[in-house]
Amino acid sequence: MSVALTKDTGPRQPVEALRHDLLEEGRRVLRLEAGAVEALASRLGDGFLRAVDLIFASGGRVVVSGIGKSGLIARKLAATLTSTGTPAVFLHPVEGLHGDLGIVSPNDVMILLSKSGSSTGELDGLLAFAEVQGIPVVALVGDPDSPLGRQAAAVLDCSVHAEACPMDLAPTSSTTATLAMGDALALALIMRKGFRDGDFARIHPGGSLGRRLTLRVRDVMESQSYPSVAPEVSIREVIVPLARMRGTVPVIAEDRSVVGVVTAGDLTRLMERTGDFLDTPVSRLMTRSPRIASPDELGAVAVRRMEKHGIMALPVVGEGGLVGIVHLHDLLRAGVA
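Just so we're clear, the structure is a prediction, and the values are computed from it rather than from any experiment. (Residues numbered from 1 in each chain as written. Predicted model: local features only at pLDDT ≥ 70, side-chain atom pairs only at ≥ 80, totals over all residues. Heavy atoms only, no water.)

**Considering the packing of helix 2 (residues 46-57) against helix 7 (residues 173-193)**
For step 1, the next point in the chain: Two numbers describe how helix 2 lies on helix 7: the axes approach to 10 Å, and their chain directions differ by 55°. Taken together, the axis directions place helix 2 and helix 7 in an arrangement best described as oblique. As helix 2 runs across helix 7, the sense of the crossing is right-handed. Contact with helix 2, carried on its side by Phe48, Ala51, Val52, Asp53, Ile55 and Phe56, involves Met181, Ala184, Leu185, Ala188, Leu189, Arg192 and Lys193 of helix 7 and no other residues of that element.
For step 2, the next point in the chain: Residues belonging to the contact of helix 2 with helix 7 are distributed by class as follows: 10 nonpolar, no polar and 3 charged. (Axes fitted to C-alpha atoms, helices over the stretch in contact; angles between N-to-C directions. Helix = DSSP H or I, 4+ residues; strand = E, 2+ residues; numbered from the N terminus. Parallel < 35°, antiparallel > 145°, perpendicular 65-115°, else oblique. Left-handed = near helix turned anticlockwise from the far one by under 90°. Contact = heavy atoms within 4.5 Å. Nonpolar A, V, L, I, M, F, W, Y, C, P; charged D, E, K, R; others polar.)

**So, unusual backbone geometry**
For step 1, the next point in the chain: One non-glycine residue, Asp168, lies in positive phi territory at about 55°.
For step 2, the next point in the chain: Judged by its relative accessible area of 42%, Asp168 is partly exposed.
For step 3, the next point in the chain: A positive phi angle, close to 70°, is found at Arg256, a residue other than glycine.
For step 4, the next point in the chain: Its place among the elements puts Arg256 in the loop between strand 6 (248-252) and strand 7 (258-263).
For step 5, the next point in the chain: Given the relative accessible area of 35%, Arg256 is considered partly exposed. (Buried < 20%, exposed > 50% of the residue type's maximum accessible area, 1.4 Å probe, protein only.)

**A short note on the pattern of salt bridges**
For step 1, the next point in the chain: Enumeration over the complete set of coordinates arrives at 15 salt bridges.
For step 2, the next point in the chain: The residue Arg150 makes a salt bridge to Asp145 at a minimum N-O spacing of 3.9 Å.
For step 3, the next point in the chain: A relative accessible area of 54% means that Arg150 is categorised as exposed.
For step 4, the next point in the chain: On the basis of relative accessibility, which here comes to 52%, the residue Asp145 falls in the exposed class.
For step 5, the next point in the chain: The shortest N-O distance in the salt bridge between Asp296 and Arg218 comes to 2.8 Å. Here Asp296 is found in the loop between strand 8 (287-288) and helix 12 (299-309), whereas its partner Arg218 is found in the loop between helix 9 (207-214) and helix 10 (239-244), with 78 residues between them in sequence.
For step 6, the next point in the chain: Look at Arg218 and you get partly exposed, because its relative accessible area is 43%.
For step 7, the next point in the chain: Connected via shared salt-bridge partners are Glu222, Arg246, Asp330 and Arg333. (Salt bridge = Lys/Arg side-chain N within 4 Å of Asp/Glu carboxyl O.)

**A word on the sheet that holds strand 3 (residues 109-114)**
For step 1, the next point in the chain: Strand order across the open sheet formed by 5 strands is 2-1-3-4-5, with parallel pairing between neighbours. In this open sheet, the two strands that pair with only one neighbour each are strand 2 (88-90) and strand 5 (154-157). Ignoring which end each strand starts from, the neighbouring axes of this sheet average 20° apart.
For step 2, the next point in the chain: Each of strand 1 (62-65), strand 3 and strand 4 (137-141) is contacted by helix 5 (residues 121-133), which is oriented at about 160° to strand 3, the strand it contacts most. (Pairing = 2+ DSSP bridges.)

Written as structure tokens, this is what we have:
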């Protein structure tokens, strides 16, 4: 005969009291981890600048390593560095001591992550290898005075007052702080290298991010037989183009320079003010000095301009004047936002 065993969980809290306690615990963790990250800012100094300089001056890659939870953060740091123009690779410390150190070259820089910075077989082996090969080591460490901190060429202090774990055991605040420090290092390198959006686009050609960074206005704009009107024509003559071209018609001078735009909203407001409007010149209705776009600018930039000013389309102006019009919906469909 089998006997069902049940775990004694003690007296149960009322559901509402439990929900309150869970929310408070979540808030406590978030506040504690936010405080751990905030405390890093006051500790940045020469070590941080030294780390940036070492990586910037390197002719090779950044080899990032750590074990356990630090290893997971190390993987993310390597990915962030690579995606922002600093070639990096994650090296598992155990695998490194069993042959994978062959990927490390004398021109590389090594970043080692450790909460304690205490001697371990794996990190000791990597440090010894780096010393023999003359490879500088940057330490992201919870104890700058640890063996790792003392041997590193540059030390970034990632110490925390306490883990968010109620037992102060599970790496929580410490991993968050180290993650943030790694981001700070990667983004400081962007500034040091002069890494621009064009560089970012070059290594992110796929997906929505690639489209945002590569799609130009000329790729989306309407340019074939797009109607425009002169300032002296009447409203009567612009009604059909407005309906056919989704509510925005450029007004151009003889040299094809854009002197204004007429929108369906402009027409609606005029109709509300007067019933006799069909013979009104467009010049009295149009928006003068309108927002425009260049055919070579990024579509994402045009989207931000339209959203900022609450408009649905921009005349596209090249060297010879009006060359087309670009609509917000077309840019959104193209995936630039």
